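In case you want the letters, here they are:
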Amino acid sequence: MIPFGIHWENRKYAYTQEGDKHLLTVKAQVLMRESQTARGILNYLPPNLRGLLEGLPDSAWCHLEEVRLRVNRPIMINLPGRELLLDGRGQVVSNLADAYSVSADDLVRTLQLVTGSSLYAVEEELRAGYVTVSGGHRVGVVGRTVMDGDRIQTLKQFTALNLRISREVTGAADSLMPYLLDRKRVRHTLIVSPPGCGKTTILRDVARQVSNGIPALGFPGITVGLVDERSELAGCYRGIPQRDVGPRTDVLDACPKALGMLIMLRAMAPQVIVSDEIGRTEDVSALEEVINAGVAIISTAHAASLEELMHRPVLRNILSIRVFERLVMLGRSKGPGTVEKIVNGRTMQVISNGDCGGA
Amino acid sequence: MYKIIGAMFVIGAAGFLGLTVANAYQNRPRELRDMQTALHLLETEIAYGATPLVEALDNVSTRVPSPVGRFMSEVARELSAGYGATVREAWGFALNGFRPETFLKEEDLSVVKGLGEVLGASDRADQLKHLRLAIERLKAQGHKADDEAKRNVKLWQCLGFTGGLAVTLILI
């Protein structure tokens, strides 16, 4: 994830010795900043677990993706492509048997800190299975579900927590932007990618750039309506976006997409609506409404390839009416957020091939 | 001369003792009412605002007189200290500090203590049930305390002085 930032900030210094030195210092700064962001989750761990994790070096923290706590199972720390196990003194061990085993009490205390000792205040979030905390990080929660008819009433007897570090990568969508703009307007865009390829990160940065305006491309900032059903894009914590989503962005937090898009349309008169992960039938009708109102739409969908996208009935429907002008395919061939392909959604012709994401 | 001064001291001391006891009988119903008010406010915070507990307790603590108000802010302070104390622990800790300050009896405090076991640990509907139950039980305690106060306040107020008077008469 980090290379985005470095690449972007150093374009003007590239290929000189001066540039190399600069690159090193900037790289260190970026790494420290990343590490600090990740360390924010320490506030949500009880003292004994905090002690274990605090000792990890910044080089681990800056890449850290997840901390997993499961009752009576070893504490696991996930970095890209590998996992770390810690023993009771915070030392890295390789053997599962030596690792610190998380007690039920640890889990209860962590949950107390995560929810601010008030499960009732995060009722809705728990039903969805995760809680967003300060800094935009998210904590996934599983346990025993209590059903009320066919709807989850609440969760209890919690068995595992997953603390997921959220990072914003300013400039992640830099090289993508020229393809998404059409003079003073934004094209209807669908970002397609398998999980874990930086879909949300890219979408957030697109929203930020569109809202900010891009002087280099002569694009003035326009009003963005962000429908953030999973509180992931803006990372709202008590109603305040924890992520930079731009100065002209209105955030509708935790609202179902289909409903949210229509509310946005009526209430805030945006020029672009940004929303994560379309895929349900009701999303499509809302989408048509938005497009007919002359508002641009930028969204994402889960799929590994265009072919796979075509296999999903709802999405095939959307594609067959050819409303999306740009389809952006992401992958992780050069790290998360690699742009693999950009396709013109009207003609289905490939506009750009290979990486232009700068990973 | 000394006799008169001594007699006044005895009467004054005994009277003061009587007033103190009477005061305790008067204060218990008042504090029970404060506690009920506090729980009512907490109920509103939880039901309509879904305010996180620390914030809710802080809000409540500014609106009820001490020592109940101080108890609430103490719980909030413990919870926000950031070392992962559970509500039960924070509540219990604050309750220990509250005990010497209050005129509430152990039977009243057990109601309050019971609430600490469940506060914050379930969804909104469940929290409301627990809060309402605690308020009901405090109300019942309040009726008892009122009865006792009615019977005992006048009694102790007079008893102190008359007792002192009796003692001086015997000693003279």
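Per-chain numbering applies: the sequence of each chain, read as written, is numbered from 1 onward. Starting at A for chains and at 1 for ligands, labels are handed out in the order in which the entities are written. Only residues with pLDDT of at least 70 get local features here, since the model is predicted, and only at 80 or more are side-chain atom pairs given and counted; chain-wide, interface and lining totals rely on the full set of residues.

Student: I'd love a proper account of the overall build of chain A, names of residues and values included.
Tutor: Secondary structure counts use DSSP, requiring at least four H or I residues in a row for a helix and at least two E residues in a row for a strand, with both numbered from the N terminus. What chain A contains, in helices and strands, is twelve helices and 21 strands. This radius of gyration counts C-alpha atoms alone. The globule rule is 2.2 Å times how many residues there are, raised to the power 0.38. For 359 residues, the compact-globule formula gives about 21 Å, and the C-alpha radius of gyration of chain A, at 21 Å, lands near that figure. Taking the principal axes of its C-alpha atoms as reference, chain A extends roughly 65 × 60 × 35 Å. With C-beta atoms placed from the backbone, a residue is buried if 20 or more other C-beta atoms are within 10 Å of its own, exposed if 12 or fewer are, and partly exposed between those counts. A burial count over chain A gives 41% of its 359 residues as buried.

Student: Can you tell me about the overall build of chain B, naming the residues and giving the values?
Tutor: Secondary structure summary: chain B contains six helices and zero strands in total. Each helix and strand of chain B, placed in order from N terminus to C terminus, yields the pattern α-α-α-α-α-α. Relative to the 2.2 N^0.38 estimate, which gives 16 Å for 172 residues, the radius of gyration of chain B is 21 Å and therefore markedly larger than a compact globule would have. Expressed along its principal axes, the backbone C-alpha trace of chain B runs to roughly 70 × 30 × 20 Å. Any pair of residues counts as being in contact when their C-beta atoms, constructed from backbone geometry, are within 7 Å of one another. When contacts within chain B are restricted to residue pairs at least 6 apart in sequence, those whose partners lie at least 24 apart make up 72%.

Student: An account of the nonpolar core is needed here, citing residue identities and associated values.
Tutor: One finds A:Val131, A:Val139, B:Ala38, B:Leu57, B:Met72, B:Val75 and B:Leu79 to be the most contacted residues of the largest nonpolar core, which totals 67 residues. Not counting the four nearest positions on each side in its chain, B:Leu57 is found in contact with B:Met72, B:Ser73, B:Val75 and B:Ala76. Core membership is restricted to buried Ala, Val, Leu, Ile, Met, Phe, Trp, Tyr and Cys residues, and these are joined into a nonpolar core through C-beta atoms within 7 Å. Formed by 49 residues, the second largest nonpolar core is a distinct cluster that contains A:Ala286, A:Val290, A:Ile318 and A:Phe324.

Student: Break down the packing of helix H4 (residues 87-98) of chain B against helix H5 (residues 106-118) of chain B for me, citing the residues and quoting the values.
Tutor: The relative placement of two packed helices comes down to the angle between their axes together with the axis-to-axis distance. Residues and elements named next belong to chain B. The angle between two axes is taken between their N-to-C directions and runs from 0 to 180 degrees, where each axis is a line fitted to C-alpha atoms and a helix contributes only its stretch in contact. At their nearest, the axes of H4 and H5 sit 8 Å apart, and the two run at 155° to each other. By the angle class used here, H4 and H5 are roughly antiparallel. Between H4 and H5, the residues in contact are Val-87, Arg-88, Trp-91, Gly-92 and Leu-95 and Leu-109, Val-112, Lys-113, Gly-116 and Glu-117, respectively. Considering only residue class, the contact of H4 with H5 consists of five nonpolar, two polar and three charged. An angle counts as roughly parallel when it lies under 35 degrees, as roughly antiparallel when it exceeds 145, as roughly perpendicular when it falls between 65 and 115, and as oblique in every other case. For this classification, the nonpolar set comprises Ala, Val, Leu, Ile, Met, Phe, Trp, Tyr, Cys and Pro, the charged set comprises Asp, Glu, Lys and Arg, and every other residue, Gly included, is treated as polar.

Student: Which residues make up the sheet that holds strand S17 (residues 272-275) of chain A, and what values go with them?
Tutor: Residue and element names in this part refer to chain A. The strand order across the open sheet formed by eight strands is S16-S13-S17-S18-S10-S19-S20-S21, and the pairing between neighbours is mixed. The two strands at the open ends of the sheet, each matched to only one other strand, are strand S16 (249-253) and strand S21 (349-353). For this sheet, the mean inter-axis angle between neighbouring strands, taken without regard to orientation, is 20°. Paired strands, as defined in this entry, are two strands with at least two bridges between them according to DSSP. Where strand S10 (residues 189-193) lies against strand S19 (residues 326-331), four bridges are found, and the strand directions are parallel. Within S19, the position partnered with Val-192 by the bridge is Met-329.

Student: Give me the lowdown on the interface of chain A and chain B, citing residues and values where you can.
Tutor: With 15 residues of chain A at the contact, the number on the chain B side is 18 residues. It is helix H5 (residues 104-115) of chain A that provides the largest number of residues to the side of chain A that touches chain B, a total of four residues. Taken together, the residues that form the side of chain A that touches chain B break down as seven nonpolar, six polar and two charged.

Student: Describe the domain arrangement of chain A, with residues and values.
Tutor: Residues and elements named next belong to chain A. Here the domain parsing of chain A yields domain 1 (39-164) and domain 2 (177-353). Throughout the structure description, domain borders are defined by an automatic or database domain assignment. When each unit is reduced to the centre of its C-alpha atoms, the spacing between domain 1 and domain 2 is 30 Å. Counting from both sides, the interface comprises six residues of domain 1 and, opposite them, seven residues of domain 2. Grouping the amino acids of the side of domain 1 that touches domain 2 by side-chain chemistry returns one nonpolar, four polar and one charged.

Student: Talk me through the sheet that holds strand S1 (residues 66-70) of chain A; I want residue IDs and the actual numbers.
Tutor: Residues and elements named next belong to chain A. With respect to topology, seven strands assemble into an open sheet ordered S4-S3-S2-S1-S7-S6-S5, the strand pairing being antiparallel. The two strands at the open ends of the sheet, each matched to only one other strand, are strand S4 (92-93) and strand S5 (130-132). Judged from the ten bridges that link them, strand S6 (residues 138-148) and strand S7 (residues 151-164) form a sheet pairing that is antiparallel. Opposite Arg-138, over in S7, you have Arg-164 as the bridge partner. The strands that H5 touches are S1, S5, S6 and S7; relative to S7, the one it contacts most, it runs at about 100°.

Student: So what about the pairing of strand S13 (residues 224-228) of chain A? Which residues, and what values?
Tutor: Residue and element names in this part refer to chain A. Most of S13 is tucked away, with five of its five residues classed as buried. Of the pairings in the sheet, the one linking S13 to S16 comprises five bridges and is parallel in character. When the sheet's bridge partners are listed, Val-227 is paired in S16 with Leu-252. As defined by bridge partners, S13 adjoins S17 across four bridges and the pair is classed as parallel. The residue bridging Val-224 from the neighbouring strand is Val-272, located in S17.

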